[in-house]
Amino acid sequence: MTNEQILTCAINIGEQLLINGAEISRVEDTISRICSAYGVRQSHIFSIASCIIVSLETSDGEWITQTRRILNYGTNMDKLDRLNNLSRKICSEHLPRQAIEEEFDAIVKSKEYPPALQIAVCAMVAAAFTVFFGGTLRDGFAAAFVGVLLKLTLYGLQSMKMKQIFSNIICSILSGLLCIFVCFAGLGRHLDTIMIGNIMLLIPGVLLTNSFRDFISGDMISGLQHFSEAIITSVCAAGGFIIVINLQGGSLRKSYVLR
């Protein structure tokens, strides 16, 4: 491969790692190792949550640079695992360009879990957290029902390409209203635990965890960016439930049990 192709290959993999939820240190280490595996004299990588800049010195003493702007990112553990395996394979076997591109394209184009399975998992998670925080099995089934509708709403808002902050506020308000509805309809009894079970679906746990991993690794800019985004997203999710609670008559403590 030419030096430009080496750089493109490395930054492509780093970009997809970042898009799918990898921490900054993993992105920078992966790019550095791939460049070193193909004889690059030295590489300098600067990455934050929204940008990757890579400069490398070739064996001929020439310097080349590429920059990638990251507009959207999320969490896909399956793609992360496959990208990690590909990067290790590249470093150990020095794969040719065509083989790298074929495996890379297969990973990027791989399908996510089917919507039906994702909806079922959301229902299960909502029910599990509801029971964990003191709800009954009846409350768990009610939370699962609300979780299904919440996930369907998220799909609809994502298809409209709505920003996550606004979609979280809308989903939390709708979820809060549905929690009150299922309690008044007799499907659930404890409003607080049902709400807790569903608000957990909107909390960005992986993003918050990555922010602390970035802090520990010394990537303060990315850590602050991830931490701020996680806090703002969580506040928006909680804000929707607060609005609903105030609309239905005040604090949640007054409505612990609805019959």
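Above this note sits the structure.
Because the structure is a prediction, the values reported are computed rather than measured.

Chemist: Help me understand the overall build of the protein chain in this model?
Modeler: Scanning the protein chain for helices and strands turns up 10 helices and three strands. Principal-axis analysis of the C-alpha atoms gives the protein chain an extent of 75 × 35 × 30 Å. Residues counted as buried form 45% of the 259 residues belonging to the protein chain. Contacts in the protein chain between residues far apart in sequence, at least 24 positions, make up 63% of those at least 6 positions apart. Between the averaged position of the 21 positive side-chain charges in the protein chain and that of its 21 negative side-chain charges there is a distance of 13 Å.

Chemist: I'm lost on helix α7 (residues 164-184) in this one. Help?
Modeler: Given 3.6 residues per helical turn, the α-helix brings residues three or four places apart onto the same face. Helix length check: α7 (21 residues) gives 30 Å between terminal C-alpha atoms against 30 Å at 1.5 Å per residue, within 8%. Restricting attention to buried positions, one finds in α7 the residues Ser167, Asn168, Cys171, Ser172, Ser175, Gly176, Leu178, Cys179, Ile180, Val182 and Cys183. Buried-residue contacts for α7 involve α6 (137-159), α8 (191-199) and α10 (220-247). Phi turns positive, to about 90°, at Gly186, one or two residues after α7.

Chemist: So what exactly am I meant to see when it comes to the packing of aromatic side chains here?
Modeler: To describe a pair of aromatic rings, one takes the distance between the centres and the angle between the planes. The final tally for this structure, using the stated rule, is five aromatic pairs. Look at Phe129 and Phe133: their rings are 6.3 Å apart centre to centre, the planes differ by 20°, and that puts the pair in the stacked class. Assessed through its relative accessible area of 28%, Phe129 is described here as partly exposed. With relative accessibility at 39%, the residue Phe133 sits in the partly exposed group. Here Phe212 and Phe227 contribute two aromatic rings whose centre-to-centre distance is 5.9 Å and whose plane-to-plane angle is 75°, an arrangement assigned as edge-to-face. Of this pair, Phe212 sits in helix α9 (residues 205-217) while Phe227 sits in helix α10, placing them 15 residues apart in sequence. Overall, Phe212 belongs to the partly exposed group, its relative accessible area being 44%.

What counts and how
Residues numbered from 1 in each chain as written. Predicted model: local features only at pLDDT ≥ 70, side-chain atom pairs only at ≥ 80, totals over all residues. Heavy atoms only, no water. Helix = DSSP H or I, 4+ residues; strand = E, 2+ residues; numbered from the N terminus. Buried < 20%, exposed > 50% of the residue type's maximum accessible area, 1.4 Å probe, protein only. Contact = heavy atoms within 4.5 Å. Lys, Arg positive; Asp, Glu negative; His and termini not counted. Charge placed at Lys NZ, Arg CZ, Asp CG, Glu CD. Expected span 1.5 Å × (residues − 1). Phe/Tyr/Trp six-rings, centres within 6.5 Å; stacked < 30°, edge-to-face > 60°.

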